[in-house]
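Topology and contacts: notes
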There are 4 protein chains.
Amino acid sequence: MIVVLKDNPDQKQLENLVAWLKSMGLGIHMSEGQSSTIMGLIGDTSSVDMDLINALDIVETVKRVQEPYKNVNRKFHPEDTVVEIVPGVSIGGGNFQVIAGPCSVESEEQVCEVAEEVKKAGAGLYRGGAFKPRTSPYAFQGMRDEGIKLLLEAKEHSGLPIVTEVMDISHLPLFENVDVIQVGARNMQNFELLKELGHIDKPILLKRGLSSTLQELLMSAEYIMAGGNERIILCERGIRTFETATRNTLDLAAVPLLKTMTHLPIVVDPSHATGIAHLVKPMAIAATAAGADGLMIEVHNNPAAALCDGAQSLTPTAFADVMKCVDAVRPVAYKG
Amino acid sequence: MIVVLKDNPDQKQLENLVAWLKSMGLGIHMSEGQSSTIMGLIGDTSSVDMDLINALDIVETVKRVQEPYKNVNRKFHPEDTVVEIVPGVSIGGGNFQVIAGPCSVESEEQVCEVAEEVKKAGAGLYRGGAFKPRTSPYAFQGMRDEGIKLLLEAKEHSGLPIVTEVMDISHLPLFENVDVIQVGARNMQNFELLKELGHIDKPILLKRGLSSTLQELLMSAEYIMAGGNERIILCERGIRTFETATRNTLDLAAVPLLKTMTHLPIVVDPSHATGIAHLVKPMAIAATAAGADGLMIEVHNNPAAALCDGAQSLTPTAFADVMKCVDAVRPVAYKG
Amino acid sequence: MIVVLKDNPDQKQLENLVAWLKSMGLGIHMSEGQSSTIMGLIGDTSSVDMDLINALDIVETVKRVQEPYKNVNRKFHPEDTVVEIVPGVSIGGGNFQVIAGPCSVESEEQVCEVAEEVKKAGAGLYRGGAFKPRTSPYAFQGMRDEGIKLLLEAKEHSGLPIVTEVMDISHLPLFENVDVIQVGARNMQNFELLKELGHIDKPILLKRGLSSTLQELLMSAEYIMAGGNERIILCERGIRTFETATRNTLDLAAVPLLKTMTHLPIVVDPSHATGIAHLVKPMAIAATAAGADGLMIEVHNNPAAALCDGAQSLTPTAFADVMKCVDAVRPVAYKG
Amino acid sequence: MIVVLKDNPDQKQLENLVAWLKSMGLGIHMSEGQSSTIMGLIGDTSSVDMDLINALDIVETVKRVQEPYKNVNRKFHPEDTVVEIVPGVSIGGGNFQVIAGPCSVESEEQVCEVAEEVKKAGAGLYRGGAFKPRTSPYAFQGMRDEGIKLLLEAKEHSGLPIVTEVMDISHLPLFENVDVIQVGARNMQNFELLKELGHIDKPILLKRGLSSTLQELLMSAEYIMAGGNERIILCERGIRTFETATRNTLDLAAVPLLKTMTHLPIVVDPSHATGIAHLVKPMAIAATAAGADGLMIEVHNNPAAALCDGAQSLTPTAFADVMKCVDAVRPVAYKG
């Protein structure tokens, strides 16, 4: 970390700063220039709060040289992490997986039918929402515990491991037989939840927040990994921008960029990113081409009638077509 | 709600849509134009998912005419809500309050000293963070239960009611003697937490999320109010934009605009919004002038040494100066 | 266009509004609902200012049903436009072109050498900046007229048609032998320039503005097309968001979405979008996979030494590698 | 400027970089740390392209210590600039001015009537649009030369100096008798226009671009000032964000922050920033309280009928009320 001091800094404040930095075990290398003094901080600066130093009267600017994340940093772990979901189903390091299923679990019939269909089309994991984060308190909040039970039936029925979203620590006991626990975009910085998931022996699918930087996404993954859980899958699902033609703006450059920053696998969710069913196919193809380790796609057996999650859903037939296109692009996708 | 259909909509899908809308108790008024058919939905559309209808093949566009929020809507509650914190300390409807105190609780000495100072300067409520949401798992996470105890000491010591942030439902028992429970920006859409706070008999200070629209802020307040808790204070604290010169972009137009949308009181937090100590004073003045019902300001007894939260903090002396300026502007502030 | 009126609108104002709308040749269809009156405007509403109606006291909300763009609208021109640059070099409707070359023209040697290299690798057009829009008045502003001359030499030398950016109407005479005139992101809403380009018999490459919506991009193309010039190529080059890890956020979903909105060809510029050389390759592959009609890529013969435009440039060797990957992905790219 | 190199940088590239920096007259101070080497650049780095250095393979990161702007920098010109418009009408350094008038010039009657009204209410300058930048080619583009003539009549009639927007260099001869030339938000980075305005002996009102940072705004002012024209007035008019409840997000913290960065006067345009007539008053009050040197407000004599610019306009009566409130807040406004 580099701290550039203002001209003629108050000496008392400078001493306080130096003393405080030393108390955190950091070495300090002072370099006096013509019009400004630069302090180079040597040692582990990951717990140093940059904003705070930046706010001091005597400081002109602060710049991090080392990344604030450690466990998730590719520098210290050059090989791709391969997350094993269940024996035979892995993601990362060349293992590509498509996670598919309905937005919300609605009925036993729906959940089992769709599972069968997506499995047939080539999906490796099954998704479905039991707990649903909804902007409105008057909107359907999901089938909750009952929904988890139906997902487990679908799992047994289809043999596909299941992924579903947790919304609160207190619900975790219900997730005992779930294969992958999803943290939604709105919970990416629910730090108490992240800490708890650090102590769990299950893969975590961590979605990027609506207005989170890639570094913040990695810091949230670092929360989980610092607790001991190393099986994390990152998910790019679009960010909020001024453009309203799509629900969010899918940031596909995040895929190859994250791959240089971290060793964790990255999947892309074109359904939520765009919010428009006919954009799911081109964006699934593009995400695969950009080097994603997998996709997360909403599939519903009757988009026109089942209005509860239709907006971004494909029919099983349309999904099977997407899978064919994705398979075709995989051999020529970016490999890094 | 108005639904504009595409030309020559599929009749089967149209019937499905109409049946589904009727099943929710809505009346439908069809109006056939030259090149498009418009459906007007009559009745309570607050639980209707617009995105979903918008995603249907046969739909060109959907537009809400009624707001999706009810309890917090000024239309149905024209008078300002006055939230009584403790007898004699109210906010809203002409009652203006300044909430001041350190970002983090650090020690008994600090917490009591600052409380005394801000009270002397005219603050009506005392704030301090016991549970701290931090981007990095390696940063100080707050004194937690111990911090709450110290705040309660400061309350007894100074007589000021206290405001502090909750980060998880499971911590709520610790908040029994806290006067106002704060929901931080990152938890604005932690819907399970909001539901729980709807059943609590305490004022809630609800901060706007980093990338939340005003409508989303009101929908989160609606979650709390739908549960029965009507004592909600909204807080504008800056939104995330492309501009990096300030930590966030303070959206002051939100104050008079929210006042037309809702009857709830609105406070402004210039400390977090700007992240720069010397901008707290002008923005406190401007927020007051814009008609805010109160302010939330960080005050620390030793910004230079106590680095743990210095970035946006004022000294007690600087805070007293801000209070004088704010008092001077109040008589000429916008009244609506 | 649909205008939703407020309850009990002022009758005088309503009459004014109706009279004004009729004066523009619009038919009006009134539909009185329970709590609001809806006016449907029939006829050509493309010149009606929505914001303005929206601002009237008596108006609750306005919603456009028809798009405000006509000539560029795919609805009225279902076939893909094929823009012929020179005989044998076309773009759109299945014709894919890569535009490559240095950011700035620097010397005869550079400009001819790079032209030869990119031609060998498969580029169909040659780009180079003679007039350079630079944030700082102290930065290199391009070789200007001299730069245009060097580009024309490179054209003669290599046989590749050339693309270069115009910054002001007064420079247009210098562009007489240029094959494609580029409008940069900062000039996308330089309406006087757009009008002028509407009267020119040359293809225009129109880049999306840093904070322009897709609809605004199309409206700018409409300016050119309304003047009679139908040879327009759109260019997605990243938008400005809160994320600072890349220079801009490449909005690849814009490619398939624009294809449904307009018949014009769309190219993608991964160099400017990301600002990071090692992201050019994955994003070139992804853009091709998403169905782009072409790419625009910066290539420099000595990125390490020639610092004037190195940031996002590839070497000719790296570019040849990108071309191979792009060629491999084309057969399996999204076709719509 | 500080350049942090990567570990074990390629020596040939490092030599190239050093040679290039020296060729620009910069001194270099190398400081070798444990895991990285830091180069401090000494001298005038304002013409050094940071992005470019940042993009080199051997560079980890670059950080500017000095601001890239010089003439507009308050560091080198600590006193407030006072821009004299005409004798007796100045702005900056304690001189506060309100610029008022219609969005578009429509007729002699309108333009003279409004001028008289705003003068009576206390406006010091008169504004009106003759050339109108419109998103749609089908929308009213302004009365152009005829509009300028009408404004000059209003000037003679009322005695108020006039402000109007230029859209292209070629129109400048028409502006000979205009008092202040406005550069609109969409032209803030029309660098050829800015250069031309640097050679003109008239005050320039420079509006912030929709997605421009404060530093970019200052760099555009630097373009004008580098040409010799020192009479520049900056204008904050809202930035584009994800929030759609207001047309733009008014960034009021920009006012006190710009005052620390530059000596130039700053006015605020609450009409365009919010796009909502009833927000003009509170935001005019708040902007004044935040320390703005003036305001720019749209006033129209018949907002309900004259639809051409109604959205954000006040009636003369409403404007007179705003003036009273602004006058009341001035004595207690932030002074820096």
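Up top is the structure.
In this report, the structure presented in the accompanying data block is examined. Since the model is a prediction, treat every value here as computed from it, not as a measurement. (Residues numbered from 1 in each chain as written. Chains lettered and ligands numbered in written order. Predicted model: local features only at pLDDT ≥ 70, side-chain atom pairs only at ≥ 80, totals over all residues. Heavy atoms only, no water.)

With that settled, the discussion passes to the interface of chain D and chain A. Contacts between the two partners involve 19 residues from chain D, matched on the other side by 19 residues from chain A. The largest share of the area that chain D buries against chain A comes from D:Lys63, D:Val65 and D:Phe242, three residues that together contribute 28% of it. At the boundary of chain D and chain A, one finds zero salt bridges. At the junction of chain D with chain A, the criterion picks out zero residue pairs in polar contact (both at pLDDT 80 or more). At the level of elements, β1 (2-5), β2 (27-32), β3 (37-42) and β4 (59-63) of chain D are the ones that each hand at least two residues to the side of chain D that touches chain A. For the side of chain D that touches chain A, the element with the most residues is β4(D), which contributes three residues. Here the side of chain D that touches chain A is composed, by residue class, of six nonpolar, eight polar and five charged. (Contact = heavy atoms within 4.5 Å. Buried area = accessible area lost by both parts, 1.4 Å probe. Salt bridge = Lys/Arg side-chain N within 4 Å of Asp/Glu carboxyl O. Polar contact = N/O pair within 3.5 Å; in protein donor to acceptor, adjacent residues only side chain to side chain. Helix = DSSP H or I, 4+ residues; strand = E, 2+ residues; numbered from the N terminus. Nonpolar A, V, L, I, M, F, W, Y, C, P; charged D, E, K, R; others polar.)

Of the two same-sequence chains, chain D is brought onto chain C (RMSD 0.0 Å, axial shift 0.0 Å) by a rotation of 180°. The transformation relating the two chain copies, once decomposed into turn and shift, fits a two-fold axis. Measuring from the rotation axis to each C-alpha of chain D, the shortest distance belongs to D:Ser211, at 3.0 Å. Most of the interface of chain D is mirrored in chain C, where 100% of its interface residues are also at the interface. (Least-squares fit on C-alpha atoms with pLDDT ≥ 70 in both.)

Right, let's get into the pairing of strand β14 (residues 294-298) of chain D. All names here are of chain D. A large share of β14 lies buried, amounting to five of its five residues. Every second residue of β14 is oriented toward a common face, with Gly294, Met296 and Glu298 on one face and Leu295 and Ile297 on the other, all of them buried. With five bridges connecting them, strand β7 (residues 97-101) and β14 associate as parallel partners. Bridge pairing in β14 links Val98 to Leu295. In this structure, strand β13 (residues 266-268) lies alongside β14, joined through two bridges in parallel fashion. Counted as the bridge partner of Val268 is Leu295 from β14. (Buried < 20%, exposed > 50% of the residue type's maximum accessible area, 1.4 Å probe, protein only. Pairing = 2+ DSSP bridges.)

Here we come to the side chain of C:Thr249. Examined against the element boundaries, C:Thr249 turns out to sit in the loop between β12 (232-236) and α7 (254-261). Judged by its relative accessible area of 0%, C:Thr249 is buried. Excluding residues within four positions of it along the chain, C:Thr249 makes contact with A:Ile239, A:Thr249, A:Asp251, C:Glu236, C:Gly238, C:Ile239, C:Thr241, C:Glu243 and C:Ala273.

Rotating chain D by 180° and moving it 0.0 Å along the rotation axis overlays it on chain A with an RMSD of 0.0 Å. Looking at the interface residues of chain D, 100% of them are also at the interface in chain A, so both copies use one shared face.

What follows deals with the interface of chain D and chain C. Of the residues lining the interface, 53 residues belong to chain D; the matching set on chain C comes to 54 residues. Buried area between chain D and chain C, both sides added, is near 4500 Å², and the carbon and sulfur share of it is 56%. At the junction of chain D with chain C, the criterion picks out four salt bridges. Where D:Arg240 meets C:Glu216, a salt bridge forms, and the shortest distance between an N and an O atom there is 2.7 Å. Here chain D is connected to chain C by 21 residue pairs in polar contact (both at pLDDT 80 or more).

All names here are of chain D. The strand order across the open sheet formed by four strands is β2-β3-β1-β4, and the pairing between neighbours is antiparallel. Strands with a single pairing partner mark the edges of an open sheet, and in this sheet they are β2 and β4. Within the sheet, the average angular offset between the axes of one strand and its neighbour, ignoring direction, is 20°. Direction of pairing for β1 relative to β3: antiparallel, over a ladder of three bridges. Pairing of Val3 across the sheet is with Met39, part of β3. Helix α1 (residues 11-23) rests against β1, β2, β3 and β4 of the sheet, and its axis sits at about 15° to β3. (Axes fitted to C-alpha atoms, helices over the stretch in contact; angles between N-to-C directions.)

Every α-helix carries 3.6 residues per turn, so stepping three or four residues along brings you back to the same face. Residue and element names in this part refer to chain A. Spanning 13 residues, helix α6 (residues 214-226) covers 18 Å between terminal C-alpha atoms, matching the ideal 18 Å at 1.5 Å per step. The element α6 is extensively covered by neighbouring structure, given that eleven of its 13 residues are classed as buried. Within α6, the full set of buried residues consists of Leu214, Glu216, Leu217, Leu218, Met219, Ser220, Ala221, Glu222, Tyr223, Ile224 and Met225. Buried residues along α6 sit against α5 (191-197), β11 (204-207), β12 (232-236) and α7 (254-261). Looking one or two places after α6, you find Gly228, whose phi comes out positive at around 115°. (Expected span 1.5 Å × (residues − 1).)

Counting residues in each nonpolar core, the largest one holds 300 residues, and the members touching the most others are C:Phe319 and D:Phe319. Not counting chain neighbours up to four residues away, the residues in contact with D:Phe319 comprise D:Val98, D:Ala100, D:Val118, D:Ala121, D:Ala123, D:Ile297, D:Val299 and D:Leu314. (Core = buried A, V, L, I, M, F, W, Y, C linked by side-chain atoms within 4.5 Å.)

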